[in-house]
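Read off the chains here:
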Amino acid sequence: MKSPIYCAPVADNRTQLSPYKGRLFAKMLLIMRLTTIFLLATALQISAKGLSQKVSVSGKKLPLEKVFSSIEEQSGYSFVYKYNDLADTKPVDLHMKNADIRDVLDVCLKDQHLSYTIEKNIIAIRAIREEMVTPTAAPVTEQPAAVVTGLVKNEQGEPLAGVTVLVKGANRQAITNDKGEFSIQAEENQTLVFTYVGYAAKEVAVGKEHSLQVTMSIAQADLNTVVITALGIRRSEKSLTYATQQVSGDQLTNVKTDNLMNSLNGKVAGLTISPSASGVGGSAKVILRGSRSASGNNQPLYVIDGIPISNSSNANSQPSNTYGGTPDGGDGISNLNPEDIASISVLEGASAAALYGSQAQNGVILITTKRGKAGLMAINFTSSAFADQIAYKPKFQNSYGLTAAGKNDSWGPALSGGGHDNLKDFFQTGTNLTNAISLSGGTQNAQTYFSYANTTARGVEPKNKLERNNFTLRETAKFLNNKLTVDANVNYVTQTVNNSPALGIYSNPLTGLYLFPRGQDITPYKNNYVKDSTGFARQNWPYKGDALRQQNPWWVVNRDPNVATRNRILFNGSVKYEVNNWLSLQARGNVDHIADNYESDLYAGTDGVSNANGKGNMLINNQTTEQKYGDFIVTLNIPSHSNFKVNGLVGTSITDLKTTGLHLQGDLSTPDFFTAGNIIASQPGLSSVTTSPATGNVPGPSGSTVNNSPYPVHSQIQSVFANADLSYRDWIYLTLTGRNDWSSNLAFTPNESFFYPSAGLSVILSQMLHLPSWVSYGKVRGTYAQVGNTVPPYLTNVQNIQNAAGQLVFNTAAAFRTLKPEKTKSTEIGTDWRFFNSRLNVSFTWYKTNTLNQYFPIQPVTASLFSIAYVNAGNIQNAGIEFTLGYDVIKDKTFTWNTSVNGAMNRNKVLDVDSKDSINSFVLTSNYNNNYESHLTKGGQYGDIYGYALTRDAQGRIIFSGDGSTHAYTPTKNTVFTKIGNSNPKFQLGWRNDFTYKRFSLGLLVDGKFGGQVLSLTQAVMDQYGVSQVTADARKAGGVTVNGVDGTGKAVTTVDAQTWYSAIGGTTGASGQYIYSATVVRLREAALGYVLPVPQGFFKTVKVSLVGRNLFYFSRKAPFDPELTMSSGNGLSGVDVFNQPATRNMGLTLNATF
Amino acid sequence: MRTNFNSGVTILAALLLTGASSCTKNFESYNTDPTRLSPGQSISIIAQAYGPLQQAIYADYQTAQNLNADGYAGYMTSPTNFSSSLNDQTYTLIDGWSRSAFVDQYNQVMAPVAKIAATGIPTSHPDMWAVALLVQVEAMDRVTDRFGPIPYSKAGTSFTGIPYDSQQAVYNLFFSQIDTAVTNLKAYLGSNPADTVNLGTGDLVYQGHYDKWLKFANSLRLRLAMRIVKADPATAQAQAEKALNDPGGLLTTPADDAKFAQSGGRNNDVWLVTFSYGDCRMGAALTTYMNGYNDPRLPVYASPITGQRIIDSLGAGKYAGIRLGTFVNKSLYGGYSSPNTNSAFSQTASQYLMTAAEVWFLKAEAALRGWSGAGDVKTDYETGVNTSFQQWGVSGGNYLNDATSVETDYKDAFDSTNVYNTKAVSTITIKWDPAATDEVKLERIITQKWLAVFPDGQEAWADFRRTGYPKLFPVAVNTSGGLIDTKTQIRRLAYPQIEYQTNGTAIASAVQNLLGGPDNGGTRLWWDVNKANF
């Protein structure tokens, strides 16, 4: 797509665009083409010009600004003019229908002392000056200088009249006449500066030649790029006081993923995306500027066209410990059709989102969807096919076989033959087929957009499938002489995900697959996973039921099926009425209705941990989530002709979230008869008993009847808010916001109502100061904001539970009637620069956020007789920098090369947990007797990994037990958990290069995450079982070389491999030995496109692309992809527990426009 | 323009005020979980709170009891190599397991009892309060017997630091709480002798029959009294005689047994850890005694061995357990005899808090000690054995007259290096021998008591620590690093780290002043006095 051109001469600080308010609608039409600041060049030029020459304008006493904005709105042209030139103009009466733009302009500029020119899509309005008629000499100065004359033309060779010519450093200027000629006194070596409304300033040095030919170009700078901010307010980028980054729809759809958030990975500074290792249909963990809330949500708010939507998962949610057992519950954002998205704005800081209130504490992802365009009928068809393969395999050994009959590990004798590649028998090639069609079109008054998309994907694990259909219909219409705008949008999504792989130890086919004795062929178990047709223990797997509960991988995928369906309807509606040119009223609302059904069937013969009586187990989980939002906003654009301008808005909103559902789970009466009535003594609709935090035992497998409903939620937030934008001469912008929320989750406390403000300042240096002309744009900005965040429901109101047997279970949580909302204070300072006619752009931001008053579930003293209590405490700080840098390296007619870099560093620090209660540590993930915990500890970082380290003496030598003869030397490990790592990356970098050459385009995205550590329990268990390559290497080497010491002080240098790995490996061994650097650098995306030379007519454009994702790792130190996460929740960060490997994706995309 | 602007502002202000004054009045109802009970509803079904309370005595059974006390009692051993066999079964105490053993009774018994107290039940329904107190004493006795000093008298008084009581103080408080319970029950029974309406079916142990609860109260007093016989003989005798002579009586027949029924989806805990988890097998000690005695209860308690290599080694149809401290591997040791999940430990089998058989053996010991009201020692002993047979539905035949059978040697099916195999440690026989010394008599009583009390390893481990009986194989591999003596065996569990984290000052003081030794498994409890039984 082509970037629209809004231009303002840089060196002329008085130049002014039409007031943005009046241009809103024009810009809404154009916003889809306003793409990112760091990616200008893509080959695809699908959008037609769409500029209309005919407009209708009527009204009495219309200010010129109003007429111009009306023309912009209808035609797609943009106006540029100097603000002061309009200051003394008279309002006009117009009654023109379907008139030519030139006619309209002629009428309204008559007797106004103004002229206009139209070039490309720019209409420049200029004052008619006396000087233009007769070239005059500059004012006389003390020393007469040589006269320089010249001619100024545009790129088309047409003379430009009214260009200001200035001698740099001298108080002399001239204006070109209507033939483009000028004459000015200047000496050799002096520099002339040419400025002209709508054109890039140009400097020319005076040489020996005193007759100059000067060509000026239209300013290419998208300096007045409009960005979409909170509440869908479109604002000039100049006025923003905080960092925001935009990603175009193209960047999301060029390289498809089944969760569109994964397509943002590496493209936005400060955004960390960790895809869940859960196959197709999995969720993504999205963190902006670091995690900050201990018990609350850390993911951003998703907003579509100004209105928040739900990002809810189904009732499975996320695993909470290393045992896992249930699949990932997906997320809401992945339901959307990426083809419907015009652009995404990422508002990173709390300040960017102060107006959205508590839900936006972690930043906002603003999604702008496509809509019909006036006068432009287009049909767009996209089809893509991808093949996915696992990107790596764990390193297995093929030298030693099964230990002995009856054993299940591979510490046995040397094998004679090589090994069989058992993984190849299991993993398959995944596919992702997406077909999408969209139709758009409309008249000046009504536009329609319709789209349909189908996504069919299968995972790399057998039976894992995704099917999704998206329907979107959007209507935009104007009534009452364009004063009333109605915009309505309905999305229907239906999605089915089959057999999401379970994460963690339980019910995971990969445990059986990876630990299968080496040297043996797993093929006999592939189609014979059932032993016989009767009885309970009919799973054909000789290694069933060890501490890892491993099962036949094909049994798990065929006999433990699960299916998650989601039907979602999302309705958005908006009505806006412009009362007059300074006041408009807007009411909006949406309903986001999500119906989830989940069923998991475990056949008799499945491991007993979730199949207690051996007759099978069934889980049915139906959940309905309904989020309703409504707001009413009054926008004020205070009329003013002075240099001060005040815009603002006041509004009120209500958000209501309700989740209800039914959860049934239990063992079956008749084996394998999967129906709710066959669940033993099922009693639906009863709450789970959650009175105590994890006590460190093995997590509760299902009993024969465990029944609980999904936590029913009814939360409501009511708000009033206001925003004021003050500006002075387009140099300085001051933005003030304030919001007050009333949260139902804080009912029963005195803190139901809470207020938070923000203030920001932005100074456009390039307009305020006379900067060298190669500086196109320069801005500094700073902002301070607070955002409050409410607490989860029901914490303030402790109620007792009736359990499945009708018994009364006392809730021993302490009611916290003084609970306060969380508060994030954020400060941000940044600067944005563009140079060389905006070919080079640089942006830099420093920020610091402190999240206070967090609600912590704490374990009071056991004998307090409260199992859990909540306190407001904590101070988690995130400080860091972000930068983006973009450069059009080559930009000519046939070849372009744009390169852009984004980088971010975030330093997370837990300044305090709850020191007033002497609590300095908070457990995010409990160990459940395994060797992984995740903590928040004072002085540490969010998500520190805790585990068992080997015990060492003062010299760092490992302390061994045993004597090396009758008792083998065995390493000893600490009995308490210590910090062994942290998975937060220290530095993230994305580097993108886009090339176009004639009809070809090539995009490459490399990204790297540097620093941080991850833990591989997969490797630990593989080592324990002797199946990994390192264990064979050690055996061949005659043992593991160590720097150790025994109890008598004797040095230990070599340890038997089996003894060593049996002691350090496994889920309970020395996890400190399984910490790896999380640094990973990869070729994230590559896309080679070609625009077919089709005859114009039926097709407008046809483009084919060969694309790849996650193609290879330049560097990866861990035995798995450290970016993958087992949970997209707060816990389980940086640990791999038999996660499905990352995939490498390659495919073809066809994009055709009719 | 000016007027227009002002009127705009007025309209605006009016609209916003309407928004701002909107209804937060529903917020309290929104923030009330509709699937949970209101305070009024809770009180209306307060009797229904008793079942969970009774069942919570076995909360987190696997980690709180089965993997430690049941093993230390010689009853059961896990074939699963938790933590690479470096766990409680080899004397490396796992903090998470100790945490279950410590925390659960507070959270799931004492805390709800405090909630019951807060509703005014102690004054409005002293009879119901009596039962709550008895359940609490039964539960908290298990905690103090695992750890020693515990926070008890000051429990519930603070969020941040609760001092520990010496074990002696805890026991004294137990006795006075039993006093209260007995008084309340007698008062209620005096006016409503057959009324079971207050607790009714909410009471999963006695269905509201307070006469049975009174027997339980007396029997519990007798159990606790006997526990402290070495530490405080005077109190022990006084409390025991109070129990023995109370007109309310003791648990006498299996019909009096205190056992809770399963409800809802709750499974028998032994069934769960054995059948579902596959983490529980018989202990070598129990099977060597029962094999030696040809004990008819063995097929009820246990299933025969199944693993082919074990059958090859020991013979088909045999019963064999795993020796505590063996470096197990489930694929091998899983074939050892498991608790019988088809008979004694079926999925819905009731779980015992105290049996009449146990009380007969308590009486036998009391008689041996010459306490009043205890009756004849031989009669008590033999009635104890017979009551146990009756409880499990087996016929004793000539069992009580067997004067020769003794414990067998132990042979491990996989032990090539002879680390786990061991000779029998006991020569005690079954038949009562009036001529035997008191020490031998006591060993005989406690050995048979141990066979009867199965599967309650908590009680059996306490008896073992107090009396040294039955004689049990020492742990095969001791990984405690010298903290726990293999010969004297483990005496307690270490306090969980959570106490050090949340109640640091109090526990430091308790360890220094009350525990009488370092906080590890080698330190003896207050009632576990290292001296002769007589």
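All figures in this text were calculated on a predicted structure; none of them were measured in a lab.

### A look at the packing of helix H18 (residues 356–368) of chain B against helix H20 (residues 438–453) of chain B
Residues and elements named next belong to chain B. At a minimum axis separation of 9 Å, H18 and H20 run at an interaxial angle of 170 degrees. One way to sum up the angle between H18 and H20 is to call them roughly antiparallel. Contact residues: Ala357, Glu358, Phe361, Leu362, Ala364, Glu365 and Leu368 in H18; Asp438, Lys441, Leu442, Ile445, Ile446, Gln448, Lys449, Ala452 and Val453 in H20. Partitioned by chemical class, the residues of the contact of H18 with H20 number ten nonpolar, one polar and five charged.

### Remarks on the interface of chain A and chain B
If you look at the interface, chain A gives 89 residues, while chain B gives 81 residues. Roughly 6,900 Å² is buried in total at the junction of chain A and chain B, and carbon and sulfur atoms are behind 59% of that figure. In this structure, the connection of chain A to chain B is made through one salt bridge. Between A:Arg549 and B:Asp279 there is a salt bridge; the shortest N-O distance is 3.5 Å.

### As for the confidence of the model for chain A
All names here are of chain A. Mean pLDDT over chain A works out to 82, with 87% of the residues at or above the 70 mark. At the low end of the mean pLDDT range in chain A sits strand E32 (residues 705–706), at 30; at the high end sits strand E54 (residues 1075–1077), at 96. Scored below 50 in pLDDT, residues 1–50 makes 159 contacts in the model with residues more than four places away or belonging to other chains. Contacts for the low-pLDDT stretch residues 682–709, under 50 throughout, to residues beyond four places or in other chains number 103 contacts.

### Some points on the side chain of A:Ser399
Residues and elements named next belong to chain A. The topology assignment puts Ser399 in the loop between strand E23 (378–390) and helix H6 (422–426). For Ser399, a relative accessible area of 16% translates into the label buried. Side-chain polar atoms of Ser399 contact the side chain of Lys1036, separated by 2.9 Å. Setting aside chain neighbours within four positions, we find Ser399 in contact with Pro413, Ala414, Leu415, Ala1032 and Lys1036.

### Points about the pairing of strand E8 (residues 164–167) of chain A
Residue and element names in this part refer to chain A. The pairing of E8 with strand E9 (residues 173–175) spans three bridges and is antiparallel. Paired with Val165 across the bridge in E9 is Ala174. Counting the residues between successive antiparallel strands, the hairpin from E8 to E9 contains five residues, one of them, Gly169, with a positive phi of roughly 80 degrees. Pairing geometry for E8 and strand E11 (residues 191–195), over four bridges, is antiparallel. Bridging across to E11, Thr164 finds its partner in Thr195.

### Things to note about the pattern of salt bridges
Residues and elements named next belong to chain B. Taken as a whole and assessed by the stated rule, the structure comprises 54 salt bridges over all chains. Arg221 serves as the salt-bridge partner of Asp179, at 2.8 Å between the closest nitrogen and oxygen. Remark: Arg221 occurs in helix H11 (residues 210–227) and Asp179 occurs in helix H10 (residues 167–191); sequence separation between them is 42 residues. A residue is classified by how much of its surface remains accessible, and Arg221, at 2% relative accessible area, is buried. Here Glu382 and Lys378 are joined by a salt bridge, their closest N and O atoms 3.4 Å apart. Residue Glu382 and its partner Lys378 are both found in helix H19 (residues 377–392); the two are separated by four residues, about one turn of the helix.

### A few points about the sheet that holds strand E45 (residues 944–947) of chain A
Residue and element names in this part refer to chain A. Taken in spatial order, the four strands line up as E43-E44-E45-E48 in an open sheet, and their pairing is antiparallel. A strand with exactly one partner marks an edge of an open sheet, and here the two such strands are strand E43 (921–925) and strand E48 (978–982). Neighbouring strand axes in the sheet, compared pairwise and without regard to direction, differ in orientation by 45 degrees on average. Bridge analysis of E43 against strand E44 (residues 933–937) gives four bridges, and the strand direction is antiparallel. Along E44, the bridge assignment pairs Ser921 with Thr937.

### Some points on the nonpolar core
In terms of nonpolar packing, the biggest core is built from 173 residues, with B:Trp213, B:Phe216 and B:Trp450 touching the most fellow members. Broken down by element, the residue count for this core peaks at 13 residues, all from helix H9 (residues 126–147) of chain B. Other than its neighbours up to four places away in sequence, B:Phe216 contacts B:Leu134, B:Glu138, B:Tyr206, B:Leu251, B:Ala258, B:Leu353 and B:Met354. Core analysis: the second largest hydrophobic core is formed by 68 residues, A:Ile505, A:Tyr543, A:Val1021 and A:Leu1124 among them.

Criteria and cut-off values
Residues numbered from 1 in each chain as written. Chains lettered and ligands numbered in written order. Predicted model: local features only at pLDDT ≥ 70, side-chain atom pairs only at ≥ 80, totals over all residues. Heavy atoms only, no water. Axes fitted to C-alpha atoms, helices over the stretch in contact; angles between N-to-C directions. Helix = DSSP H or I, 4+ residues; strand = E, 2+ residues; numbered from the N terminus. Parallel < 35°, antiparallel > 145°, perpendicular 65-115°, else oblique. Contact = heavy atoms within 4.5 Å. Nonpolar A, V, L, I, M, F, W, Y, C, P; charged D, E, K, R; others polar. Buried area = accessible area lost by both parts, 1.4 Å probe. Salt bridge = Lys/Arg side-chain N within 4 Å of Asp/Glu carboxyl O. pLDDT = per-residue confidence, 0-100. Buried < 20%, exposed > 50% of the residue type's maximum accessible area, 1.4 Å probe, protein only. Polar contact = N/O pair within 3.5 Å; in protein donor to acceptor, adjacent residues only side chain to side chain. Pairing = 2+ DSSP bridges. Core = buried A, V, L, I, M, F, W, Y, C linked by side-chain atoms within 4.5 Å.

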